[in-house]
Amino acid sequence: MAAAAAAVPLRVCHQEIVKFDLEIKAAVQDIRDCPGPLGALTELNAAVKEKFRHLRGRIQELEQMAKEQDKESEKQALLREVENHKKQMLSNQAAWRKANLACKIAIDNSEKDQLLQGRDILRQRKTTKESLAESASNITESLMGISRMMSQQVQQSEETVQTLANSSRTILEANEEFKSMSGTIQLGRKLITKYNRRELTDKLLIFLALALFLATVLYILKKRLFPFL
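Residues numbered from 1 in each chain as written. Predicted model: local features only at pLDDT ≥ 70, side-chain atom pairs only at ≥ 80, totals over all residues. Heavy atoms only, no water.

Examining the confidence of the model for the protein
Argument step 1. Across the protein, pLDDT averages 80, with 87% of residues at or above 70.
Argument step 2. For the protein, per-element mean pLDDT is lowest for helix α1 (residues 2–32), which scores 77, and highest for helix α2 (residues 38–67), which scores 89.
Argument step 3. This model gives residues 1–6 a pLDDT under 50, and the stretch forms zero contacts once residues within four places in sequence are excluded. (pLDDT = per-residue confidence, 0-100. Helix = DSSP H or I, 4+ residues; strand = E, 2+ residues; numbered from the N terminus. Contact = heavy atoms within 4.5 Å.)

Side note on the environment of Thr163
Argument step 1. Examined against the element boundaries, Thr163 turns out to sit in helix α4 (residues 129–225).
Argument step 2. When its relative accessible area of 43% is taken as the criterion, Thr163 is described as partly exposed.
Argument step 3. For the pair Thr163 and Lys86, spaced 77 residues apart in the sequence, the C-alpha separation amounts to 10.0 Å.
Argument step 4. Within the structure, Thr163 has its side chain in polar contact with the backbone oxygen of Glu159 (distance 2.9 Å). (Buried < 20%, exposed > 50% of the residue type's maximum accessible area, 1.4 Å probe, protein only. Polar contact = N/O pair within 3.5 Å; in protein donor to acceptor, adjacent residues only side chain to side chain.)

Section: the side chain of Gln93
Argument step 1. Tracing the sequence through the fold places Gln93 in helix α3 (residues 72–125).
Argument step 2. Setting aside its immediate chain neighbours within four residues, Gln93 contacts Phe52, Arg56, Ser157 and Thr160.

Looking at the layout of surface pockets
Argument step 1. Counted as a void, the second largest pocket has a volume near 310 Å³.
Argument step 2. Sorting the residues of the lining of the second largest pocket by element identifies α2, α3 and α4 as the ones contributing at least two each.
Argument step 3. With seven residues, α2 is the largest single contributor of residues to the lining of the second largest pocket. (1 Å grid on protein atoms, 1.4 Å probe; cavity = no way out; pocket = protein on both sides within 12 Å on 5 of 7 lines; lining within 4 Å. Points joined across faces, edges and corners; volume = space filled by probe spheres on them.)

What to know about the side chain of Lys104
Argument step 1. Looking at the secondary structure, you find Lys104 in helix α3.
Argument step 2. Non-local contacts of Lys104, meaning those with residues more than four positions away in its chain, are made with Leu41, Ile146, Met149 and Met150.

Rendered as structure tokens:
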């Protein structure tokens, strides 16, 4: 019954991981196809970031469930699934960065085209140099914002890689500890077997001594009570 009850949240966790993975892939495609402006791209990125947060949480829940499994085979199988999900998450993050880069390049090119067209219109309308400087400043700020966002994404990827490295090291340490415990259990089993044999021998000797004692008592009683026999 406990195993059946535990399978329900485990199955739900699997389903949600698959759901968030598919939603992230679809959102990354939306970013790749985003025509702009940067505000729309920022909203899409915020949605993807939230989905990654949920996905990371579900993977951590699955990892915790794996560690709580009683059977070592089931535990290792779930841990392998966790590693596969983490690798897939890293792949999605890489695709996310590439989609952002492609979209930002396309938006920049579009803005440059619009800027060139705007310059022609500004020349025709005899606009001032201050207006052109302001437009260039806005573009520079947009590029700086893109640079900061890319830097944050790279930092998040580095943190994810470090988390995976720490998890692998923990698994190796647990494996070594399990091997040491197995040796101790084997030694204990041998000692228990030896003790059981010794106990059986002691019981047999006690039984024989008791039988000899009873026989001696009976013999003495016979000689005292029935000397004529």
